[in-house]
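Chain by chain, the residues:
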Amino acid sequence: ALQLKGRDFLGLSDYSPEEIRYLLDLAIELKRKRKAGEVYQPLLGKTLGMIFEKSSTRTRVSFEVGMFQLGGHALFLSKNDIQMGRGETISDTAQTMSRYLDGIIIRTFGHRNVVDLARGATIPVINALSDQSHPCQALADYQTVLEMKGRLEGLKIAYIGDGNNMTHSLMMGAAKLGMHFASASPEGYDPSAEVVKQSREVAAQTGGRVDVVRDPREAVEGADIVYTDVWASMGFEEEQKEREKAFKSYQVNEQLVAKAKSDYLFMHCLPAHRGEEVSEGVIDGKHSVIFDEAENRLHAQKAIMAAIM
Ligand code: CP
Ligand code: NVA
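From a predicted model like this one, the values you see are computed outputs, not experimental measurements. (Residues numbered from 1 in each chain as written. Chains lettered and ligands numbered in written order. Predicted model: local features only at pLDDT ≥ 70, side-chain atom pairs only at ≥ 80, totals over all residues.)

Draft legend 1. Broad picture of the overall build of the protein chain. Secondary structure assignment for the protein chain yields 12 helices and nine strands. What you see for the protein chain is a C-alpha radius of gyration of 19 Å, in line with the 19 Å of a compact globule of 309 residues. Counting only C-alpha atoms, the protein chain reaches 55 × 45 × 35 Å along its principal axes. Burial status across the protein chain gives 49% buried among its 309 residues. (Helix = DSSP H or I, 4+ residues; strand = E, 2+ residues; numbered from the N terminus. Rg over C-alpha atoms; globule rule 2.2 N^0.38 Å. Buried ≥ 20, exposed ≤ 12 C-beta atoms within 10 Å, placed from the backbone.)

As structure tokens, then:
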């Protein structure tokens, strides 16, 4: 049987293909329950702390709403308003919070902070985005693909643009799920070599495949899914201008998606910059499933919380 109670959710690499599939099925089931108006409150009386060091629309709202729907309560803790912002250590914060709460999510810069919080805490910790990864988004995205395509194994997902936190989580997720992942980034913006290596090791076990190329057309060729993200992630705003130059030929537009399958899905974690990483026609066109992805953050995170808390 699967042992998920009490576990942290820091990255998809810590979860087996079977565990990820279980979470995807649970997310779909919790979505069905919600749409049918069934009340399901396994976390009655439990409280989630939500530490944010960066902005958020989707993550903050979907975790707070999700916790409420599961019968619990969520606390928004802006890093600057808690003592951590004045230098209280992550370890002391983790140990203190563990005396009140039943789970913590954290959105931060350095991934080390996520790991340290999890190490210091005696309650489950969820990674709500670090500079290294965004596993909650990737889980919601693969739920979306599963719902739209009816399967995951064997599908090709092309990721175009900055080799960032999204790239890493989508790559690892695709490898775990037996998919073909192909990313294309400009020189200097490739995904982490370590994550590529780990993902390839996983893919070798699952029948998946991970390609990292330079040419966006090569990545998109025959793809079932075309995914992109902003060129300058949170924390990299001051590089916006130089990045616009570097990424100029990496826009996902009509010409590029013509290389994908005729029934391709366009995906983006949001927030998006129309006219930069994606053309208006593509992101607002009929292949785009961006708001289904956003909705599934709620269902996928409810699945994570119900499983581990
Ligand atoms: N996709 C995502 O995590 O969005 P927010 O930054 O709005 O939470
Ligand atoms: N890569 C983006 C994702 C935002 C949800 C960032 O880190 O800003």
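Draft legend 2. Quick look at the sheet that holds strand β6 (residues 180-184). Strands sit in the order β7-β6-β5-β8-β9 across an open sheet of five strands; the sheet is parallel. The open sheet has two free edges, formed respectively by β7 (209-213) and β9 (265-268), since each of these has just one partner strand. Ignoring strand direction, the axes of neighbouring strands in this sheet form an average angle of 20°. Pairing analysis gives four bridges linking strand β8 (residues 225-228) to β9, with the strands arranged parallel. (Pairing = 2+ DSSP bridges. Axes fitted to C-alpha atoms, helices over the stretch in contact; angles between N-to-C directions.)

Draft legend 3. Structural context of the sheet that holds strand β4 (residues 125-127). Pairing within the open sheet is parallel, and its four strands lie in the order β2-β1-β3-β4. Edge positions in the sheet fall to β2 (73-78) and β4, since each has one partner strand and no second. Geometrically, the sheet is characterised by an average inter-axis angle of 20° between neighbouring strands, direction not taken into account. As judged from the three bridges shared by strand β3 (residues 103-107) and β4, these two strands associate in the parallel manner.

Draft legend 4. Quick look at the site of ligand 2. Close to ligand 2 lie L129, N164, N165, M166, D229, V230, S233, M234 and C269. A class-by-class count of the residues in the shell around ligand 2 yields five nonpolar, three polar and one charged. (Near = placed C-beta within 6 Å. Nonpolar A, V, L, I, M, F, W, Y, C, P; charged D, E, K, R; others polar.)

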